[in-house]
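# Descriptive analysis of the structure
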Amino acid sequence: MSYETILVEQKGAVTLITLNRPQALNALNTQVLADMIDAFGKFQADPSQLCAVVTGAGDKAFAAGADIKEMADKSGAEFYSQDFFSGWTNQLVKMVRKPWIAAVNGFALGGGCEVAMMSDFIIASEKAKFGQPEIKLGVAPGMGGSQRLTRAVGKSKAMDMCLTGRMMDAAEAERAGLVSRVVPADQLMEEAMKAAEAIAAMPPLAAMMNKELVDMAFETTLDTGLIMERRMFQVLTATEDKTEGMKAFVEKRPGVWKGR
Ligand code: CAA
């Protein structure tokens with residue numbers, strides 16, 4: 001299936017999605033959201049696809065934000081009545097139960113930083129730059145920046161980023177815990193695909209439940225989270241993949257997963 005604003009390729013069990021508006025630094029317009037929802041819906045529904053990687057076309061940007069040209073002439077009433085940006089979280093993030101990685105190759109600003117933070121983890125090239133510069137446009141983050149960035153890096157740095165609109169480089173982002181790894185620019189896709197392939201090689205139900213559990217840590221109390229963790233652990237012990245995984249360990253061989 002081909003899209004107007006993204007490229008989608010299946011590489012074995014990994015779906016690679018490339019934001020593809022390099023002339024606009026992959027700015028995120030309404031069509032990008034529609035294309036991403038469709039592509040992620042197909043990824044989620046396809047049992048052969050077990051992990052996804054999202055990156056940006058070109059060597060300059062992951063995405064330089066929501067499309068300012070699309071927003072410039074819109075009225076406040078339109079933004080409100082359309083609940084502008086709601087689809088990113090309410091449709092895309094909530095629909096995707098399989099793991100996905102953001103491979104950030106350059107600018108990840110505003111909505112670009114926010115989409116990266118929607119992923120399960122971020123692998124950044126040494127050239128990546130992150131920021132929430134919305135304040136410079138007279139607005140504030142609208143796709144989760146104030147909430148997800150604060151949870152990722154804490155209040156002080158999130159305030160710094162949102163109030164000054166400055167960019168943080170890859171090294172600072174790694175120190176702050178925003179990204180899981182920084183790699184040389186020319187190895188970004190190789191490293192991201194390697195990580196995705198490693199995840200795709202895991203028992204699929206365990207991968208989904210691990211993702212759900214870590215996400216839950218941001219949504220619930222410690223007590224409830226710990227109960228959920230034990231229940232999910234116990235649910236996983238009832239799968240065929242658990243029987244196979246433990247047997248394979250004892251027999252000193254790789255497990256062969258069924259996803260049930
Ligand atoms: N929306 C629309 N077009 C954009 C864009 C954006 N967010 N960012 C870059 N572009 C376009 C530029 O207009 C330019 O197009 P033209 O050639 O037609 O003029 C092209 O991409 C290349 O950009 P620049 O010439 O500006 O490239 P640069 O290397 O000089 O600067 C940059 C790079 C610092 C990233 C600069 O482009 C920039 O500051 N972009 C805007 C960043 C921003 O403010 N993002 C937040 C948007 S609001 C938001 O995201 C709200 C939210 O929370 C969801």
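Thresholds applied
- Residues numbered from 1 in each chain as written.
- Predicted model: local features only at pLDDT ≥ 70, side-chain atom pairs only at ≥ 80, totals over all residues.
- Heavy atoms only, no water.
- UniProt positions renumbered as here; feature names shortened; annotations may be inferred.
- Helix = DSSP H or I, 4+ residues; strand = E, 2+ residues; numbered from the N terminus.
- Rg over C-alpha atoms; globule rule 2.2 N^0.38 Å.
- Buried < 20%, exposed > 50% of the residue type's maximum accessible area, 1.4 Å probe, protein only.
- Contact = heavy atoms within 4.5 Å.
- Areas by Shrake-Rupley, 256 points an atom, 1.4 Å probe, with all protein chains shown as cover.
- Lys, Arg positive; Asp, Glu negative; His and termini not counted.
- Charge placed at Lys NZ, Arg CZ, Asp CG, Glu CD.
- Salt bridge = Lys/Arg side-chain N within 4 Å of Asp/Glu carboxyl O.
- Near = heavy atom within 4 Å.
- Polar contact = N/O pair within 3.5 Å; in protein donor to acceptor, adjacent residues only side chain to side chain.
- 1 Å grid on protein atoms, 1.4 Å probe; cavity = no way out; pocket = protein on both sides within 12 Å on 5 of 7 lines; lining within 4 Å.
- Sits in = over half its atoms within 2 Å of the grid points.
- Core = buried A, V, L, I, M, F, W, Y, C linked by side-chain atoms within 4.5 Å.
- Axes fitted to C-alpha atoms, helices over the stretch in contact; angles between N-to-C directions.
- Parallel < 35°, antiparallel > 145°, perpendicular 65-115°, else oblique.
- Left-handed = near helix turned anticlockwise from the far one by under 90°.
- Pairing = 2+ DSSP bridges.

As annotated in an unreviewed UniProt entry, the protein chain is Enoyl-CoA hydratase-related protein from Novosphingobium mangrovi. Under Sequence similarities (unreviewed entry), UniProt gives the following word-for-word description of the protein chain: "Belongs to the enoyl-CoA hydratase/isomerase family."

On to the overall build of the protein chain. Each helix and strand in the protein chain was counted, giving twelve helices and ten strands. Relative to the 2.2 N^0.38 estimate, which gives 18 Å for 260 residues, the radius of gyration of the protein chain is 19 Å and therefore close to what a compact globule would have. Judged by the C-alpha coordinates and their principal axes, the protein chain covers about 60 × 45 × 40 Å. Looking at the protein chain as a whole, 43% of its 260 residues qualify as buried. For the protein chain, restricting intrachain contacts to residue pairs at least 6 apart in sequence, the fraction spanning at least 24 positions comes to 66%. As displayed, the protein chain has an accessible area near 13,500 Å², and 58% of this comes from carbon and sulfur atoms. Across the protein chain, 29 positive and 32 negative side-chain charges occur, with their mean positions spaced 4 Å apart.

Glancing now at the pattern of salt bridges. For side chains of opposite charge, pairing can occur when their charged atoms come near one another. With the rule as written, the count across this model stands at 13 salt bridges. For aspartate 160, the salt bridge goes to arginine 166, with nearest N and O atoms at 3.0 Å. Looking at aspartate 160, the relative accessible area reads 27%, which means it is partly exposed. Among the ionic contacts, a cluster of salt bridges with common partners joins Lys157, Asp160, Arg166 and Glu172.

It is worth spelling out the site of the ligand at this point. Not every one of the 24 residues close to the ligand is listed here, only the nearest: Lys60, Gly111, Glu114, Glu134 and Gly142. Within the side chain of lysine 60, an N or O atom sits 2.6 Å from an oxygen atom of the ligand. Between the ligand and the protein, one listed contact pairs an oxygen atom with a side-chain N or O atom of glutamate 114 at 2.8 Å. If you map the ligand onto the pockets, it falls in the second largest pocket. Listed by contribution, the elements that provide at least two residues to the shell around the ligand are helix H2 (68-71), strand E6 (107-109) and helix H5 (111-118). For the shell around the ligand, the element with the highest residue contribution is H2, accounting for three residues.

Moving on to the environment of alanine 63. Looking at the element boundaries, alanine 63 is found in strand E4 (residues 61-63). In this view, alanine 63 contacts Leu19, Leu25, Asn26, Leu28, Phe107, Ala108, Leu109 and Gly112; residues no more than four positions away in its chain are not counted.

To continue, consider the nonpolar core. Residues Met36, Phe40, Phe62, Trp88, Phe130 and Leu178 are the most contacted members of the largest nonpolar core, which totals 43 residues. Looking at this core, the element that brings in the most residues is helix H1 (residues 30-45), giving seven residues. Membership of the second largest hydrophobic core comes to 15 residues, among which are Val53, Ile101, Val183 and Ala196.

Right, let's talk about unusual backbone geometry for a bit. For phenylalanine 85, which is not glycine, the phi torsion reads 80° and is therefore positive. By the secondary structure assignment, phenylalanine 85 is in the loop between helix H3 (76-81) and helix H4 (86-95). At lysine 252, a residue that is not glycine, the phi angle is positive and equals roughly 55°. Among the structural elements, lysine 252 can be located in the segment after helix H12 (240-250). Accessibility expressed as a relative area gives 78% for lysine 252, which makes it exposed.

The contact between helix H6 (residues 145-153) and helix H7 (residues 155-164) brings their axes to 7 Å, and the two run at 140°. Comparing their axes, H7 and H6 come out oblique. When you trace H6 past H7, the crossing you get is right-handed. In contact with Leu149, Thr150 and Val153 of H6, H7 contributes Lys155, Lys157, Ala158 and Met161.

So, about the sheet that holds strand E8 (residues 129-131). Read across the open sheet, the four strands follow the order E4-E6-E8-E9; overall the sheet is mixed. Among the strands making up the open sheet, the edge pair consists of E4 and strand E9 (167-169). Adjacent strand axes in the sheet meet at a mean angle of 20° when their direction is disregarded. Sheet topology places E6 next to E8; three bridges connect them, and they run parallel. Among the inter-strand pairings, phenylalanine 107 is bridged to a residue of E8, identified as lysine 129. Along the sheet face, H5 touches E4, E6 and E8 and points at about 95° away from the line of E6.

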